[in-house]
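Structural features, examined
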Amino acid sequence: MSGHDVVVCFGFEADRIRRQPWHVARGIALGLLAHGRRVTLVTDARSPPGGEPFGIVALPRLFSANAPDPALREALARLAPDRIFVMIGIHDLLRPGRLHLSAPVFPIVAAQPFRLRDFLRLPAAGLWRERHLLRLALLAALLPDGLICRGFRQSGAVGLVFVSAAARARFAEIGIEASLVLRPQVEPPPLVPAQAKAAVPTILYGGPPLALRGADLTLRAFEEASAAGLEARLQLLLRPDDRPALMRRFLARVERSPVRTSIEVVTEMLTAEAMHRRFAAADVHLLPFRMTVSDAPLVVIEAGLTGRPVVVLDTPGVAEYARAFGGVVVARPGRLAAALRDACGRAGQPVALPEWTSWPQAVAPLDRWAGQAPGRLATIALIGIDGAGKTTLLRRLQGRLTAAGRESTHVWSRFRNYLSKPLLALARLSGHNRKLVLGGVRIGVHEFANGWARPFLWLQRLDLWLDRQLRIRPAARSGLVVMDRCALDQLVDMAVATGREAELVEQLAPRLLAGLPQPALVVLVDREPLLIGRSRPDALMDPKLLRRRACYRLLADRLHFPVLQNDASLEAADRFLDRLVGLAPEPGGRRASG
């Protein structure tokens, strides 16, 4: 397989994967897998599904306030993905720091951006009873356009992925053009023997008994059409997965209907096969959504695949899919009864199943788009032994970034001993922290592979945290941060001083990487010691130089850092770095000589 993608999806429980937005998250994972990508889905679900062909990592939580949870950062550091797809709601753009992850991020917007006037579609009583379902949609509708745009810019995301053209058009109106529409796919329906057209047609409604789904409109339209002379049966497949009081209220309304004898009610949770059979047996599908909780409801697509007429209201994220199947789209609820009578007189039509049942086909444009879109890096860090050429290469790179219109802030982070100084001073008295003069060069040597290791490592970690808060995070607010010394260089110093290279690289390095402003590109710059001696003979005086070099190699292998072997010309090294940061086309391979 080539490349690794991670899909981050909240609440990916085993009993939800047939519903939106979890159905789309699973479909994207399956589609990318079919394109030869390695795929891992990361979730906070307690009972994720088993037996999936892609990996699943379950964490206690994904986000904390305006940032990824430390558990998510560490998981992504271990997985080292090339691209990250994150399921979000529109309100999540209020907390753009959540999308500061370790690779280019592509948020998948799972909700339709309704306007405040759209909530007037609902009766006041229905809006109140179903407020628990509409809370986030209402919050999103209240957000000023400028705040949404600012959140997108601050998120560092490459672009947004939508599941309806209506949502994409709404975001384009406010100035967010970097986007793509992914059409949801469904399982191919089972083959059902052809049936002769029934003398009394069956009209089917599938979904919970909610006003936002138009359950009351379905019943009213059927009653009005029956009063106008329509002879038909209404089948209500009521999904019992919301508040029982809503089900009881709607069933009481059904019992009062003047056409109750023509209505069949099913209130148990049906299997997928049973649902498909009932859908295929219906003559007309009536799905008058007033609003949607998740964009692009699957029931509209599944109904359309039967080839029978689908009647819907002109609701964003619903109407476009009904039209794709030749359905009937009604502007106002008052016209549903007439549309229902008209639909009952229509014949079915053939449907091109492959256009709606192939995730690899649907995901192909997303895979290409994500592969071509440049990542928005928050950090570029060059790490390595003294004398490898990091500072020279970084200055040249920073100049090229500026010429390309990408301003950056340089931060040098090493030996920031805020709290460690008293301990280091005490170690000078004991001889564990001393200065040597070798070849006329003064070298500092730490020998903490003993009882000094624990307090030394503890204080150094506090110092790294303080440096991140005081210097690195403020710099990141201005944009791209470039570093030729960072916390990972300090980790190597700590590991060599204590003799705990393997332990610290395995346990601490992923956390330090996650603490850099994300997405972060870290490149190990290496050079042969003999070449270092020509330009920096003082660097060869370090008695632990070879151990440091070996520790950097271990670190790069553990966290999958690209390695720049800086033994040739500066121009070759420049080209290698340009490819990594998106200033030049990317050739095959992650390792090069320069």
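Heads up: these notes are all about the structure in this document. This is a predicted model, so every value here is computed, not measured.

1. Some thoughts on the pattern of salt bridges
As enumerated under the stated definition, the model contains 37 salt bridges in all. The partner of D574 in a salt bridge is R400, and the shortest N-O contact between them spans 3.3 Å. Pair noted here: D574 is in helix α22 (residues 570-581) and R400 is in helix α14 (residues 390-403), with a separation of 174 residues, a long-range link. Put simply, E528 and R549 hold a salt bridge, and the shortest N to O gap is 3.3 Å. Here E528, found in the loop between β21 (520-526) and α20 (529-535), pairs with R549, found in helix α21 (residues 545-559); they are 21 residues apart in sequence, far enough to count as distant. In this structure E528 comes out as partly exposed when scored by relative accessible area, which is 36%. Salt bridges linked by common partners bring D5, R37, D82, R83 and D367 together as one network.

2. Let's talk about the environment of E52
On the secondary structure map, E52 appears in the loop between β2 (38-43) and β3 (55-58). With a relative accessible area of 15%, E52 lands in the buried category. Between the C-alpha atom of E52 and that of L30, which follows or precedes it by 22 residues, the distance is 8.9 Å. Ignoring sequence-local partners within four residues, the contact set of E52 consists of I17 and R26.

3. Some remarks on the sheet that holds strand β12 (residues 263-266)
Within the open sheet, the six strands sit side by side as β12-β11-β10-β13-β14-β15. Their pairing is parallel. The open sheet has two edge strands, β12 and β15 (328-330), and neither has a second partner. Mean inter-strand twist for the sheet, computed between neighbouring axes without regard to direction, equals 20 degrees. By the bridge criterion, four bridges tie strand β11 (residues 233-238) to β12 in an arrangement that is parallel. Following the sheet pairing, L236 is matched in β12 by V265. The strands touched by helix α7 (residues 215-227) are β10 (202-207), β11, β12, β13 (284-286) and β14 (310-313); relative to β11, the strand with the most contacts, the crossing angle is about 170 degrees. Against the sheet, helix α12 (residues 336-344) makes contact with β10, β13, β14 and β15, and its axis sits at roughly 160 degrees relative to β13, the strand it touches most.

4. Examining empty space enclosed by the protein
On inspection of all chains with the given rule, the structure shows four cavities of 30 Å³ or more. A volume near 70 Å³ is recorded for the largest cavity. Considering the residues around the largest cavity, the lining is formed by S413, L464, D467, R468, I472, A487, L512, G515 and L516. Counting residues per element, the lining of the largest cavity draws most heavily on helix α16 (residues 453-476), at four residues.

5. So, α16
In a regular helix each residue adds 1.5 Å, so 24 residues correspond to 34 Å; α16 covers 32 Å between its end C-alpha atoms and thus fits that length. The sharpest bend along α16 reaches about 40 degrees and sits at R468. Those residues of α16 not exposed but buried are A453, F456, L457, L459, Q460, D463, L464, D467, R468, I472 and A475.

6. What about a nonpolar patch on the surface?
Together, L94, L136 and L139 make up a nonpolar patch on the protein surface, roughly 230 Å² of accessible area in all. Take L139: it is sitting in helix α4 (residues 131-142).

7. A short note on the nonpolar core
In terms of nonpolar packing, the biggest core is built from 83 residues, with I203, L287 and V311 touching the most fellow members. Among the elements that make up this core, the one with the highest residue count is helix α1 (residues 22-34) (seven residues). What V311 contacts, discounting residues up to four positions off in sequence, is V284, H285, L286, L287, P288, V328, V330, L336, A339 and A343. Listed in part, the 58 residues of the second largest apolar core include I383, A487, A497 and V581.

8. Comments concerning the packing of α14 against α22
One can describe the packing of α14 onto α22 by two numbers: an axis separation of 10 Å at closest approach and a directional angle of 55 degrees. Comparing their axes, α22 and α14 come out oblique. Of the two elements, α14 crosses α22, and the hand of that crossing is right-handed. Within the contact between the two elements, α14 uses T392, L393, R396, L397, R400 and L401 and α22 uses L570, E571, A573, D574, L577, D578 and V581. Looking at the contact of α14 with α22, its residues break down into seven nonpolar, one polar and five charged.

Rules and cut-offs
Residues numbered from 1 in each chain as written. Predicted model: local features only at pLDDT ≥ 70, side-chain atom pairs only at ≥ 80, totals over all residues. Heavy atoms only, no water. Salt bridge = Lys/Arg side-chain N within 4 Å of Asp/Glu carboxyl O. Helix = DSSP H or I, 4+ residues; strand = E, 2+ residues; numbered from the N terminus. Buried < 20%, exposed > 50% of the residue type's maximum accessible area, 1.4 Å probe, protein only. Contact = heavy atoms within 4.5 Å. Pairing = 2+ DSSP bridges. Axes fitted to C-alpha atoms, helices over the stretch in contact; angles between N-to-C directions. 1 Å grid on protein atoms, 1.4 Å probe; cavity = no way out; pocket = protein on both sides within 12 Å on 5 of 7 lines; lining within 4 Å. Points joined across faces, edges and corners; volume = space filled by probe spheres on them. Expected span 1.5 Å × (residues − 1). Bend = angle between axes of the 7 residues up to and from the residue. Patch = residues over 30% accessible without salt bridge, like charges linked within 9 Å, V, L, I, M, F, W, Y side chains within 5 Å. Areas by Shrake-Rupley, 256 points an atom, 1.4 Å probe, with all protein chains shown as cover. Core = buried A, V, L, I, M, F, W, Y, C linked by side-chain atoms within 4.5 Å. Parallel < 35°, antiparallel > 145°, perpendicular 65-115°, else oblique. Left-handed = near helix turned anticlockwise from the far one by under 90°. Nonpolar A, V, L, I, M, F, W, Y, C, P; charged D, E, K, R; others polar.

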